[in-house]
Amino acid sequence: MKVRVVFMLFILTIGYASIIFLGKSETIVEADYYDQTSGLNLIGKPSGLAGMFLVFRKTGIYYSSDEQRIESGKQAIVSFKTFYHWYEHLESVKIYQVFKNNNMKPRLLEGVKNQRIAINLNQEGDYYFQGKSQVKSLTGNKTFYSKVMIVHVNPIPTDVSDFHIKIDDKYLNSFKNSPSHVQAQAIIHPKKASGVVQWSVDNNNLATIDPDSGLISANSDRKFGFVTVKGELIGNHNVDVKFFDTQKLYIGLGLDNQTVEEGENATFTIQGDIVEGASGIDWYKKKKYGMPSNIPNEHSKSLTVKEVNTEKAKYAYFARIHLPTNEDGKNVGKLETNYATINIIHSDKPQINMKFAFVNETLNHLFPGELMLRPILRRVAPKDNILMKGTITENNKSSFIKNGKLEFKVPNRIQNLRILINKSPVSNDYDKESNTVTINNFDFSQTKNFDIDASYTIENIQNEKFVTKPVFQGIKDESDQSDLYTIDGEPLEMDFVKDELKAAGNSIKFLVNHIKGAESSAYGQINDPDGKVLTFQDDRRIKGVTSIYVHLKGYTNSNSQPKFYYCPPNSAPKLITNDLMEVYKTQDGEPLSFLTWKRNIKVVIPKDYPSTGSFKASILWVIK
């Protein structure tokens, strides 16, 4: 009987080997069991363990490899053991890789020997395996499933090349009931380097930090001052180098004192995150022994005290911040910042103010009181007298610039250049090649204000537009000639016109069919399809009332000579003589463009005049 059983087992073993061989390429199988606890898709529900003692042990799996942790690239041994009795036979042994992803089906692994397999795992992560065994007996086959065997693959330990910490907000508020928080971050290169960061601060009275997470919390006792945050890398593979970094934070109550020069603006800004959720902000000022007074219309995060002087520096400034109900339903109410002050320093830094403008004196004489100083002059014409007028003022009483100079451009080919400073004539350097005027020797140690008048006459117009920008330069320190102070003035502009009126006339021809012994006449014909007897180019700057006159040059009062008549519409003809006859008149401001005539001039030939030949006469136009 025993021989028969062994023979049967041998036959089954050969059959098992054939099954594995035939199914070698089919490595993906369907999952039969979903474990809700682990979220894994298993090939079967894990079987209960066989008994501990050999005498009472039941057929089944009595061992599965423990959870293990290896480095990437190392080999993991996954194994399980199945107990079966002498009258049973281990029909088959398989190991599967199983997954948490619902789209990933269990994968049959090849190379299982003696219920164990050696697996090379090169990628970091968590891997899950399950064993399956089938035992055959005289009563039938039994299938058993192991518990899940877990392998954690850690990255290969990497040396740190760079380590530093980052804190986005360097200011935390220490208000009661509303302290600020900020997260410290560790920047490690490369990112996969091993080790953990341990956090600490040097003053726990001002702020505390979670040693593991790096969350920093300010104190809630209105204490203020600097605190140093330290991040240290512990457990790096590179044990020969110690990596740490520090950052300074300020713990405060919102405001910093301001130091400015007299006349400058001082701006207080509430720092930290306290204002992000504020429902309102009110600003106050208070003298040393006075009561706080509200600063009206100031409700933003910042308060600017303009043009600080000694009186404004006597006050301390603070804000009251209104907070809404917090997440715990507690009404925090109002928070009050610290009192911040202004410290005035007296600097020798120059505070030059420079203003210039133009006036056209020629037009100013024509229209007294109507023209003002302005940065742009329109329709400047040749022969106009231009005045560039300005002031240079030093506003800092502690500054003493010497050897200052002013430079500005002038139009091409000006005449009659004259410079006055504080109403007194001064010399200047006029470079006609670059059209640059330079005035030297401004000394602010003697006076703090200079009035400048630069006048000249426009000679010719070469460009349509002219632009200049006055520039002042001074030496702040006589011992250092390279220490220059420079200020640019605002641009000044002119545009030009020629201020002239040009006219062109067309010839008038008279064709008369004249027979001696009878008086004859004809209207003049103009060689222009539109009948334009005069055409104008009107570039006059001032277009006043303008009249057009006609007269006959060399007129003689003789009945034997042809006579010319101006024939206005709806009116009797008028004899054209040497005297000026007005034929057209514009309105004030109306430009001249052209004068159109159709049948406006007529010639009359007396009866005794020869019937053949020609007659020339000079009809002249006068515009004034």
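Refer to the structure above for everything that follows.
Let me sum up the structure you'll find in this document.

## Topic: unusual backbone geometry
The residue after His189, namely Pro190, is reached through a cis peptide bond having omega -10°. With respect to the helices and strands, the residue Pro190 is situated in the loop between strand E15 (181–189) and strand E16 (196–201). The phi dihedral of Arg222 falls on the positive side, at around 60°, and the residue is not glycine. For Arg222, the position within the fold is in the loop between strand E18 (215–218) and strand E19 (225–234).

## A closer look at the sheet that holds E18
Spatially, the four strands line up as an open sheet ordered E12-E15-E18-E17, and their pairing is antiparallel. Strands with a single pairing partner mark the edges of an open sheet, and in this sheet they are strand E12 (162–167) and strand E17 (207–209). In this sheet, adjacent strand axes meet at a mean angle of 20° when their direction is disregarded. As paired strands, E12 and E15 are joined by six bridges and run antiparallel to one another. Following the sheet pairing, Ile165 is matched in E15 by Ala186.

## Remarks on the environment of Ser300
Along the chain, Ser300 falls in the loop between strand E24 (293–294) and strand E25 (302–305). We classify Ser300 as partly exposed; its relative accessible area is 38%. Sequence spacing of Ser300 and Lys402 is 102 residues, and the spatial spacing of their C-alpha atoms is 44 Å. The contact partners of Ser300, leaving out residues within four places of it in the chain, are Ile281 and Trp283. There is a polar contact of 2.9 Å between the side chain of Ser300 and the backbone oxygen of Ser302.

## A closer look at the sheet that holds E19
Ordered by their spatial adjacency, five strands build an open sheet running E14-E13-E20-E19-E16, and the pairing between neighbours is mixed. Two strands bound the open sheet, and with one partner strand each, they are strand E14 (178–179) and E16. Where strand E13 (residues 171–175) and E14 come together, two bridges link them in antiparallel fashion. Within the sheet, the bridge partner assigned to Phe175 lies in E14 and is Ser178.

## Side note on the pattern of salt bridges
Per the counting criterion, the structure on display carries 11 salt bridges. With a shortest N-O distance of 3.0 Å, Arg378 and Asp495 are connected by a salt bridge. Pair noted here: Arg378 is in strand E30 (residues 376–380) and Asp495 is in strand E41 (residues 492–496), with a separation of 117 residues, a long-range link. Salt-bridge contacts for Glu493 lead to Lys465; the nearest nitrogen and oxygen are separated by 3.4 Å. Placement of Glu493 in strand E41 and of Lys465 in strand E38 (residues 465–468) is noted, with a sequence separation of 28 residues between them.

## Description of the nonpolar core
Among the nonpolar cores identified, the biggest contains 32 residues, and Ile392 and Phe442 are the most heavily contacted of them. Every residue in contact with Ile392, bar those within four places of it in the chain, is listed here: Ile352, Asn353, Met354, Phe356, Leu406, Phe442, Phe444, Lys448, Asn449, Phe450, Ile452 and Phe472. Judged by nonpolar contacts, the second largest core, of 24 residues, contains Ile281, Leu335, Ile342 and Ile344.

## Topic: the side chain of Gln115
Within the secondary structure layout, Gln115 lies in the loop between strand E7 (107–108) and strand E8 (116–120). Residue classification places Gln115 among the buried residues on the basis of a relative accessible area of 13%. A polar atom in the side chain of Gln115 sits 2.9 Å from the backbone nitrogen of Thr82. With near-sequence residues (within four places) excluded, Gln115 lies in contact with Val78, Ser79, Phe80, Lys81, Thr82, Leu90, Val93 and Ile95.

## A word on the packing of aromatic side chains
Counted under the stated rule, the structure contains 14 aromatic pairs. Centroid distance Phe444 to Phe472: 5.8 Å. Interplanar angle 85°. Geometry classified as edge-to-face. In this pair, Phe444 sits in the loop between strand E36 (436–442) and strand E37 (449–457) while Phe472 sits in strand E39 (residues 471–477), placing the two residues 28 residues apart along the sequence. Like Phe444, the residue Phe472 is buried in the burial classification. Counting every residue linked through ring pairs, the aromatic cluster contains Phe442, Phe444, Phe450 and Phe472. The ring of Phe244 has Lys230 sitting right over it, with the charged end atom 5.0 Å from the ring centre. The ring centre of Tyr284 lies 4.5 Å from the NZ or CZ of Arg320, which sits over that ring.

## Details of the environment of Tyr584
When you line up the elements, Tyr584 lands in strand E50 (residues 581–585). Judged by its relative accessible area of 31%, Tyr584 is partly exposed. Along the sequence, Tyr584 and Leu552 sit 32 residues apart, while their C-alpha atoms lie 17 Å from each other. In contact with Tyr584, not counting residues within four places along its chain, are Thr546, Ser547, Ile548, Glu590, Leu592 and Leu595. Polar contacts involving the side chain of Tyr584 include one to the side chain of Glu590, which spans 3.3 Å.

Calculation notes
- Residues numbered from 1 in each chain as written.
- Predicted model: local features only at pLDDT ≥ 70, side-chain atom pairs only at ≥ 80, totals over all residues.
- Heavy atoms only, no water.
- Helix = DSSP H or I, 4+ residues; strand = E, 2+ residues; numbered from the N terminus.
- Pairing = 2+ DSSP bridges.
- Axes fitted to C-alpha atoms, helices over the stretch in contact; angles between N-to-C directions.
- Buried < 20%, exposed > 50% of the residue type's maximum accessible area, 1.4 Å probe, protein only.
- Contact = heavy atoms within 4.5 Å.
- Polar contact = N/O pair within 3.5 Å; in protein donor to acceptor, adjacent residues only side chain to side chain.
- Salt bridge = Lys/Arg side-chain N within 4 Å of Asp/Glu carboxyl O.
- Core = buried A, V, L, I, M, F, W, Y, C linked by side-chain atoms within 4.5 Å.
- Phe/Tyr/Trp six-rings, centres within 6.5 Å; stacked < 30°, edge-to-face > 60°.
- Lys NZ or Arg CZ within 6 Å of the ring centre and 35° of its normal.

Note that all results are geometric; they support no functional claim without further evidence.
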